[in-house]
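Commentary on secondary and tertiary structure
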Amino acid sequence: MDATRAIRQDHALLRKKLTILGSALQVAPEVRFVLREMSFSLQHLLADHAQREALAIKLYNQRLPAGLGVSPGKDHADVQRLLRGVNELLLSGLRASLPAVVMRLSEAIERLEAQMEE
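Remarks on helix α4 (residues 98-117)
The end-to-end C-alpha distance of α4 is 28 Å, a good match for the 28 Å that 20 residues give at a rise of 1.5 Å each. Here α4 has its buried residues at L98, V101, L105, A108, I109, L112, Q115 and M116. Here the buried residues of α4 occupy an arc of 135 degrees about the axis, which is enough to place them on one side. Opposite its buried face, α4 presents the exposed residues P99, M103, E110 and E117, each directed more than 90 degrees away.

In structure tokens, the structure reads:
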């Protein structure tokens, strides 16, 4: 099924981005603008992924007899809220609290990795 292949590809790409983002967090003060760009990119990729995932599950459930469908899955709204908050912080420029950015991005990475493992 093409939809599940796209979701697997999303997960592979998301995992790679999370790895790179985690590495960037190790040198956070020097890469403020890189973090902003990566966080923004991740937020949009995750939103697109959530839409594809919802569509794939809907299509799968349409093929099953009534009452046998699978749960709607994760909409990743909690991670999207975290990323939106990080982006707002980073858009404030050099006034942004880098420890707060690092903490929120670390939490987003943890949550998203856990959700993809499910």
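Observations regarding the side chain of H49
Looking at where H49 falls in the secondary structure, it is placed in helix α2 (residues 32-63). A polar contact of 3.2 Å, which involves the side chain of H49, links it to the side chain of H11. When residues no more than four places from it in sequence are discounted, the contact partners of H49 are I7, D10, H11, L14 and H76.

Some details on the environment of L82
Tracing the chain through its elements places L82 in helix α3 (residues 77-91). Residue class for L82 comes out buried when judged on its relative accessible area of 14%. Here the alpha-carbon distance between L82 and A108, two residues 26 residues apart in the chain, equals 6.2 Å. Setting aside its immediate chain neighbours within four residues, L82 contacts R104, E107, A108 and R111.

Describing the environment of I57
Secondary-structure assignment places I57 in helix α2. Sequence spacing of I57 and A3 is 54 residues, and the spatial spacing of their C-alpha atoms is 8.8 Å.

Quick look at the environment of L25
By secondary structure assignment, the location of L25 is in helix α1 (residues 2-25). For the pair L25 and L35, spaced 10 residues apart in the sequence, the C-alpha separation amounts to 7.7 Å. Sequence-distant contacts of L25, defined by excluding residues within four places in its chain, comprise L35, V102, L105, S106 and I109.

Regarding the pattern of salt bridges
Within this structure, the stated rule accounts for 4 salt bridges. Of the charged contacts in the structure, one is a salt bridge between R52 and D10, with a shortest N-O distance of 2.9 Å. Of this pair, R52 sits in helix α2 while D10 sits in helix α1; the two residues are 42 residues apart in sequence, bridging distant segments of the chain. R111 is paired through a salt bridge with D78; the nearest N and O atoms lie 3.4 Å apart. Of this pair, R111 sits in helix α4 while D78 sits in helix α3, and the two are 33 residues apart along the sequence. In this structure D78 comes out as partly exposed when scored by relative accessible area, which is 22%. One connected set of salt bridges, linked through shared partners, spans D78, E107 and R111.

Reading the values: rules and limits
Residues numbered from 1 in each chain as written. Predicted model: local features only at pLDDT ≥ 70, side-chain atom pairs only at ≥ 80, totals over all residues. Heavy atoms only, no water. Helix = DSSP H or I, 4+ residues; strand = E, 2+ residues; numbered from the N terminus. Expected span 1.5 Å × (residues − 1). Buried < 20%, exposed > 50% of the residue type's maximum accessible area, 1.4 Å probe, protein only. Arc of directions from axis to C-beta. Polar contact = N/O pair within 3.5 Å; in protein donor to acceptor, adjacent residues only side chain to side chain. Contact = heavy atoms within 4.5 Å. Salt bridge = Lys/Arg side-chain N within 4 Å of Asp/Glu carboxyl O.

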